[in-house]
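# Structural overview
Here is what each chain is made of, one letter per residue.
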Amino acid sequence: MKHVYFDHNATTPVDEQVLAAMLPYLRGQYGNASSRHEYGTQARKAVNRAREQVAALVGVQPVQVIFTSGGTEANNAFVKGAAAMLKPSQIAVSAIEHPCIAKPAQELARGGWTVRKLAVDADGRVDTSDVAVALTQRTGIVSVMLANNETGVIQDVAAIAEKARSAGAWMHTDAVQALGKIAVDFSGLNVHAMTLSAHKIYGPKGAGALILDKRIELKPLINGGGHENGLRSGTENVPAIVGFGMACEVAAKRMGEVAARLTAMRAQFERRLNDLGAVIFGAAAQRIANTSYFAFPGIEGETLVIELDKAEFAVASGAACSSASTEPSATLLAMGVAPEIARGAVRFSLGKDNTAQEVDEFLNVLEATVARLRRMTAIAV
Ligand SMILES: Cc1ncc(COP(=O)(O)O)c(C=O)c1O
């Protein structure tokens, strides 16, 4: 494949060091981590080491790391597991959460919970005054993501957590898109629970974690042999967990250097985007360095993505995680973006191996493609 990949918020390639760490556990060291013999002991040691590596990246003790099959499961485990321990009241989630928070939250409504969507401003930041208003109602759970998957906008989770705690609620953050891109410190964020995923940080798909405050008790989503302190039964996916651990260790080492490089590349990218007449979403807010979300008014995002794909550049339109849908992005609508502009949304997300030359080549193709599509729409009108 010659394609240049600019869709790292959807997923990332597995890092060479991660793959090397995983391979022994896909070959000779295939033991079940619960077995008492040498094979099992080796697998258990590998899982424990990965637990330490994940814990180190977010500043917690290894016992606070509950391995899951990914971010989706960790988010569901928290929302459903917390709700089962509390008397139904209000669950407050931001209006821009990933569907794997928004949908489980919505499902709680059937169990007597009230779902309150927290408003965001025009730049995609959760409106803290709306949080204060929401929390005047009795609230059991608050969940606000640390970085948005579409805009890359970083939320002031610590400030929201402060309010949530004062109101007696449990505070969760989905840190899937922030991990490996900015420092993520569990205690500093002041949350009770946090979700992570391996495949967004050059780890394998199918591994993630829920990080839990030791004082929080959840009802397990998956019952069985009592793995992961009884919170997530099922034979551990040892190779994927090992890969996740290594991805965390590598991310810790290179995060500063990569973020600095990508910040410069995105600035170069957005300068040209502005000249070409694009609208850039969330541009005035603090964002993770790799993400640029934009639209060319009058041009469908889907069409642009398909045309760019033909020119061998991989970018995403709208909400990439559910890209089967053609509805305008709920995140952009929550930001007050007009539906006709939101339909033009294209997400460009850089990764550690992208180069300034690739960005330049992409910009040239983008400019030519936009000009061609504009001519076509002009004829159609
Ligand atoms: C913000 C956010 N949360 C959760 C997820 C889901 O994680 P996973 O793919 O590991 O289930 C994603 C994936 O796109 C995401 O962007």
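Rules behind the numbers
Residues numbered from 1 in each chain as written. Predicted model: local features only at pLDDT ≥ 70, side-chain atom pairs only at ≥ 80, totals over all residues. Near = placed C-beta within 6 Å. Nonpolar A, V, L, I, M, F, W, Y, C, P; charged D, E, K, R; others polar. Helix = DSSP H or I, 4+ residues; strand = E, 2+ residues; numbered from the N terminus. Buried ≥ 20, exposed ≤ 12 C-beta atoms within 10 Å, placed from the backbone. Pairing = 2+ DSSP bridges. Contact = placed C-beta atoms within 7 Å. Axes fitted to C-alpha atoms, helices over the stretch in contact; angles between N-to-C directions. Domains from an automatic or database assignment. Core = buried A, V, L, I, M, F, W, Y, C linked by C-beta atoms within 7 Å. Left-handed = near helix turned anticlockwise from the far one by under 90°.

Turning next to the site of the ligand. The local shell around the ligand holds 14 residues, among which G70, G71, T72, N149 and S197 are the closest. Split by residue class, the shell around the ligand holds four nonpolar, nine polar and one charged.

Bringing unusual backbone geometry into the picture now. Even without glycine at this site, N190 takes up a positive phi of about 65 degrees. With respect to the helices and strands, N190 occurs in the loop between α7 (186–189) and β7 (193–197). Here N190 falls in the partly exposed class, since 18 other C-beta atoms lie within 10 Å of it. The phi torsion at Y202 lies on the positive side, around 70 degrees, for a residue other than glycine. Tracing the sequence through the fold places Y202 in the loop between β7 and β8 (208–212). Residue classification places Y202 among the buried positions, given that 27 C-beta atoms sit within 10 Å.

Moving on, we get to the environment of G180. Position of G180 relative to the elements: it lies in the loop between β6 (170–174) and α7. Look at G180 and you get buried, because 28 C-beta atoms sit within 10 Å.

This brings us to the sheet that holds strand β10 (residues 291–295). Here four strands make up an open sheet; going across it, the order is β9-β10-β13-β12 and the pairing antiparallel. For this open sheet the edge positions go to β9 (279–280) and β12 (316–317), each flanked by a neighbour on one side alone. Direction of pairing for β12 relative to strand β13 (residues 346–349): antiparallel, over a ladder of two bridges. Following the sheet pairing, A316 is matched in β13 by R347. Lying over the sheet, helix α8 (residues 238–275) contacts β9, β10 and β13, oriented at roughly 10 degrees with respect to β10.

Moving on, we come to the domain arrangement of the protein chain. In terms of domains, the protein chain is made up of domain 1 (4–11 + 254–373) and domain 2 (16–249). One C-alpha centre belongs to domain 1, the other to domain 2; they are set 27 Å apart. Domain 1 puts 24 residues into the contact, and the matching count from domain 2 is 25 residues. Elements with a contribution of two residues or more to the side of domain 1 that touches domain 2: α8, β10 and α10 (330–334). Tallied by class, residues from the side of domain 1 that touches domain 2 come to twelve nonpolar, ten polar and two charged.

For the rest of this paragraph, the subject is the sheet that holds strand β5 (residues 139–143). Read from one edge of the open sheet, seven strands run β2-β8-β7-β6-β5-β3-β4, paired in mixed fashion. Each having just a single partner strand, β2 (65–68) and β4 (114–118) make up the two edges of the open sheet. Each adjacent strand pair in this sheet contributes to an overall mean axis angle of 20 degrees, direction not counted. Of the pairings in the sheet, the one linking β5 to β6 comprises three bridges and is parallel in character. Across the sheet, the residue bridging to V142 is M171, located in β6. Each of β2, β7 and β8 is contacted by helix α2 (residues 38–58), which is oriented at about 115 degrees to β2, the strand it contacts most.

With 117 residues, the main nonpolar core has I211 and A247 as its most contacted residues. No other element matches the 14 residues that α8 contributes to this core. Here this core spans two domains, since at least three of its residues come from each of domain 1 (4–11 + 254–373) and domain 2 (16–249). Those residues in contact with A247, other than ones at most four positions away along the chain, are D15, V18, A198, I201, Y202 and G203.

Viewed as axis vectors pointing N to C, α2 and α8 meet at an angle of 35 degrees, and their least axial separation amounts to 8 Å. The chirality of how α2 crosses α8 is left-handed. Here α2 contributes A43, A46, V47, R49, A50, Q53, V54, A56 and L57 to the contact with α8, which in turn contributes V238, I241, V242, F244, G245, M246, C248, E249, A251 and A252. Residues of the contact of α2 with α8, tallied by class, amount to 15 nonpolar, two polar and two charged.

Residues C100, I101, A102, P104, A105 and L108 constitute the buried set of helix α4 (residues 99–108). Among the structural elements, α3 (71–83), β3 (90–94), β4, β5 and β6 are those in contact with the buried residues of α4.

Time to look at the pairing of β7. Counting buried positions along β7 gives five out of five residues, so the element sits mostly inside the fold. Alternating residues of β7 divide into A193, T195 and S197 and M194 and L196, and every residue in both groups is buried. As paired elements, β6 and β7 share three bridges and run parallel to each other. Directly across from D174, in β7, lies its bridge partner T195. Both β7 and β8 contribute to a ladder of five bridges, which runs antiparallel. Paired with L196 across the bridge in β8 is A209.

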